Amino acid sequence: MLYQLSYQVKTFMNATLLQLAGANIISLIYITRRFLEKFTFSLLSLENHGCLYKKNKMKVVLVGYMGSGKSTVGQLLATELNQVFLDLDTYIEEKEEMSISEIFETKGEIFFRKKEYQYIQELMHSDMSFVLSTGGGTPCYSGNMETMLTKTKNVFYLKVTIPELVKRLSDEKEKRPLIKDISEEDLPEFFGKHLFERNPYYAKATHTILCSDKTTEEIVADIKACLDYPK
Ligand code: S3P
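The shown structure was predicted, so the numbers you read here are calculated from the model rather than taken from an experiment. (Residues numbered from 1 in each chain as written. Predicted model: local features only at pLDDT ≥ 70, side-chain atom pairs only at ≥ 80, totals over all residues.)

Turning to the sheet that holds strand S1 (residues 59-63), a few remarks are in order. What the five strands build is an open sheet, ordered S2-S3-S1-S4-S5; its pairing is parallel. For this open sheet the edge positions go to strand S2 (85-87) and strand S5 (207-210), each flanked by a neighbour on one side alone. Sheet twist, expressed as the average angle between the axes of neighbouring strands with direction ignored, equals 25°. Here S2 pairs with strand S3 (residues 130-133) via three bridges, running parallel. Bridging from a neighbouring strand, Asp87 pairs with Ser133 of S3. Sitting on the sheet, helix H9 (residues 216-226) touches strand S4 (155-159) and S5, and the angle it makes with S5 is about 160°. (Pairing = 2+ DSSP bridges. Helix = DSSP H or I, 4+ residues; strand = E, 2+ residues; numbered from the N terminus. Axes fitted to C-alpha atoms, helices over the stretch in contact; angles between N-to-C directions. Contact = placed C-beta atoms within 7 Å.)

Below, the structure written as structure tokens:
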């Protein structure tokens, strides 16, 4: 009888221990799952904020005259590099809640250049990775070119001939405050003089890509061949 009782107590205790062990394994699995979920979630949200690129950050900057294709090339390049694409003019428009034309009209060019400087500083000193297309005048004011060059070796000048610029910009004058009042026949001379002033700044870019007779895909391939990837 005593033996039977002790056998029953033993069996009961074993069962309880087994149940406890089972419960512990289940809670261990549960805790591990919660941890993995949280870990994955943090990684995803870090990635969404571009922070995963922090270690290997890469800034690619495109400079060049109006109509040189900086935005079109920048978008395709960013897609191929799996990077964020930023257009400085659009960035300024969003921050200032005004179009570039409105800024020029209501606040003047000097105000626009100050904003251009402010946002170049903000972006180039950030930890973000991106492909950035700048405005045609960005590298020519306030030491912006030096700022960009000290932060990345990937500054590309997209060079386009004057006849090609005339072809591309004749129908788009209205959107561009600097040429909207210039007649079509005066455009070549205006571009010639303007480029004479701006060329020394563009020429400081790490690489010059000749773009006139190339497709967007070819230009992107040329840029990728010269890219300095993060180590
Ligand atoms: C400018 C070029 C424009 C824009 C602004 C001034 C310039 O950008 O930033 O109208 O000084 O050449 P895009 O080169 O993108 O047209």
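With that out of the way, let us pick up the packing of helix H2 (residues 70-81) against H9. Two quantities define a packed helix pair, namely the angle between the axes and the distance from one axis to the other. Two numbers describe how H2 lies on H9: the axes approach to 9 Å, and their chain directions differ by 60°. The orientation of H2 with respect to H9, classified from their angle, is oblique. Handedness of the crossing formed by H2 with H9: right-handed. Within the contact between the two elements, H2 uses Thr72, Val73, Leu76, Leu77 and Glu80 and H9 uses Thr216, Ile219, Val220 and Ile223. (Parallel < 35°, antiparallel > 145°, perpendicular 65-115°, else oblique. Left-handed = near helix turned anticlockwise from the far one by under 90°.)

Further remarks concern the nonpolar core. The biggest cluster of nonpolar side chains holds 37 residues, and the ones touching the most others in it are Phe156 and Leu158. Not counting chain neighbours up to four residues away, the residues in contact with Leu158 comprise Leu62, Gly64, Ser68, Gly69, Lys70, Val73, Ile209, Cys211 and Ile219. (Core = buried A, V, L, I, M, F, W, Y, C linked by C-beta atoms within 7 Å. Buried ≥ 20, exposed ≤ 12 C-beta atoms within 10 Å, placed from the backbone.)

Mean pLDDT over the chain: 86, with 76% of residues reaching 70 or higher. In this model residues 37-54 is a low-confidence stretch, pLDDT under 50, and it forms eight contacts with partners more than four residues away in sequence or in other chains. (pLDDT = per-residue confidence, 0-100.)

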